[in-house]
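# Observations on the model geometry
Spelled out from the first residue to the last, the chains are:
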Amino acid sequence: MAKHWVATAAGSPESWEFEEYEPAAPREGEVTIRVRAAGVNPADAKHVAAARPGVEFPVPIGYEVSGELAAIGPATRIGSGEAEVGDEVVAFRVQGGYASEVTVPAAKVFAKPTTLTHPEAANLLLVGTTAAEMLAVTGAAPGETILLHGASGAVGVSVLQQARLRDVRVIGTASPDRFDEVRRFGGLPVAYGPGLADRVTALADGPIAAALDAVGTDEAIDVSLSLVPDRNRIVTIANPTRAAADGFLAIAGSMPDSARFRDEVRSELIALAQVGDLVVPLARTFPLAEAPAAHRLLATGHPGGKLALIPED
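Rules used in this analysis
- Residues numbered from 1 in each chain as written.
- Predicted model: local features only at pLDDT ≥ 70, side-chain atom pairs only at ≥ 80, totals over all residues.
- Heavy atoms only, no water.
- Helix = DSSP H or I, 4+ residues; strand = E, 2+ residues; numbered from the N terminus.
- Rg over C-alpha atoms; globule rule 2.2 N^0.38 Å.
- Buried < 20%, exposed > 50% of the residue type's maximum accessible area, 1.4 Å probe, protein only.
- Contact = heavy atoms within 4.5 Å.
- Lys, Arg positive; Asp, Glu negative; His and termini not counted.
- Charge placed at Lys NZ, Arg CZ, Asp CG, Glu CD.
- Arc of directions from axis to C-beta.
- Pairing = 2+ DSSP bridges.
- Phe/Tyr/Trp six-rings, centres within 6.5 Å; stacked < 30°, edge-to-face > 60°.
- Salt bridge = Lys/Arg side-chain N within 4 Å of Asp/Glu carboxyl O.

What follows deals with the overall build of the chain. Looking only at helices and strands, the chain features ten helices and 16 strands. For 313 residues, the compact-globule estimate of 2.2 N^0.38 gives 20 Å, and the chain sits close to it at 20 Å. Projected onto its principal axes, the C-alpha coordinates of the chain cover approximately 60 × 40 × 35 Å. In the chain, which comprises 313 residues, the proportion classed as buried is 51%. Long-range pairs, those at least 24 residues apart, make up 67% of the contacts in the chain between residues at least 6 apart in sequence. Where the 26 positive side-chain charges of the chain centre and where its 39 negative ones centre are 3 Å apart.

Rendered as structure tokens:
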């Protein structure tokens, strides 16, 4: 019998239930994945923390996984093409990934990059597509210098890697103990805190073309507004309230335009990972049964890399 995590009512990960269940047999257009790793993301908890219109409980938890095809529905191809039982795959924008097995739409499933382990691959696409959209909506172009708030976080590290591939120069905020991580991926680190705008200006030695916010603090927003005159080139994934009040961009996977972009860019990011141009720094894995513990670490804001849940064989 398979197991999975579900939120039976709105609440924190401590209130989720770890249940035995029987995954549905895949129909045409569906596949069943034997999960080898599930990616752990803030959205997993955020989206069931409070009652919201359109959310009906119980809700299976988890949006991205890496594993092996256990069953394939009739006349079904996955998102990357033909596939066979036993093939290694990743799936993104699915529901119920915190599981030992899960049946999902085949269009959301792609051949796993062979360069990544299952825990790494299970964390590739949510942060990768978010980072790609941040660069796209702000129009970051070769030769420009941009400001990135939260450069050493999961989304920030993916932004750094993708920006480097585009020849975009990035000044990234981080705590001093994370400066080496920012430099590792091609960014120029700068400490957040009082005087941030002056430190960024000194490092930039020229205009800041765009600002990307992955932390949501008022400091990050205020500095972005002071340094980037075009508010269409400022984006946040963490403070939609300030975006609405101050007239700049906010994006989220729940927005139709964001969802469409993120679906379209999946194959490109997988291809980058396959040739080694996009990596996923991993901090730690947890047994699947310890999902609440993983979220306690994630909630500290400083896990030091991505986290993954590993089902027992």
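Three or more residues of helix α6 (residues 196-204) are buried, namely Leu196, Val200 and Ala204. Each buried residue of α6 lies within a common arc of 65° when the element is viewed along its axis, so the set occupies one face. Relative to its buried face, α6 has exposed residues pointing more than 90 degrees away, namely Asp198 and Ala202. Among the structural elements, β9 (145-149), β10 (169-174), β11 (188-191) and α7 (218-227) are those in contact with the buried residues of α6. Following α6 by one or two positions, aspartate 205 has its phi on the positive side, about 55°.

Okay, the sheet that holds strand β12 (residues 210-213) next. Across the sheet, which stays open at both edges, the six strands sit in the order β11-β10-β9-β12-β13-β14 with parallel pairing between neighbours. Looking at strand neighbours, the two that pair on one side only are β11 and β14 (249-250), the edges of this open sheet. Looking at chain direction, β10 and β11 are connected through four bridges and run parallel. What sits directly across from isoleucine 171, in β11, is leucine 188.

Our focus in this paragraph is the packing of aromatic side chains. In total, this model carries two aromatic pairs according to the counting rule given. Aromatic side chains tryptophan 5 and phenylalanine 18 sit 4.9 Å apart centroid to centroid with 20° between the ring planes, which places their arrangement in the stacked category. Linking tryptophan 5 in strand β1 (residues 2-7) with phenylalanine 18 in strand β2 (residues 17-21), this pair joins segments that are 13 residues apart in sequence. By relative accessible area, which is 6% here, tryptophan 5 ends up buried. Ring geometry for tryptophan 16 against tyrosine 98: centres 6.1 Å apart, planes inclined by 65°, an arrangement best described as edge-to-face. In this pair, tryptophan 16 sits in the loop between β1 and β2 while tyrosine 98 sits in the loop between β6 (88-92) and β7 (101-105), placing the two residues 82 residues apart along the sequence. Judged by relative accessible area, tryptophan 16 falls into the buried class, the value being 5%. The exposure class assigned to tyrosine 98 is buried, which follows from its relative accessible area of 0%.

Within β1, five of the six residues are buried, which leaves it mostly tucked inside the rest of the structure. Where β1 lies against β2, five bridges are found, and the strand directions are antiparallel. Opposite lysine 3, over in β2, you have glutamate 20 as the bridge partner. Bridge count between β1 and strand β4 (residues 59-60): two bridges; the pairing is antiparallel.

Moving on: the pattern of salt bridges. Taken as a whole, this structure holds 16 salt bridges when the rule is applied. Notably, a salt bridge pairs aspartate 246 with arginine 242, separated by 2.6 Å at the nearest N-O pair. Here arginine 242 and aspartate 246 lie together in helix α8 (residues 240-246), a separation of four residues that amounts to about one turn. The exposure class assigned to aspartate 246 is partly exposed, which follows from its relative accessible area of 22%. The salt bridge partner of arginine 266 is aspartate 263, with a shortest N-O separation of 3.7 Å.

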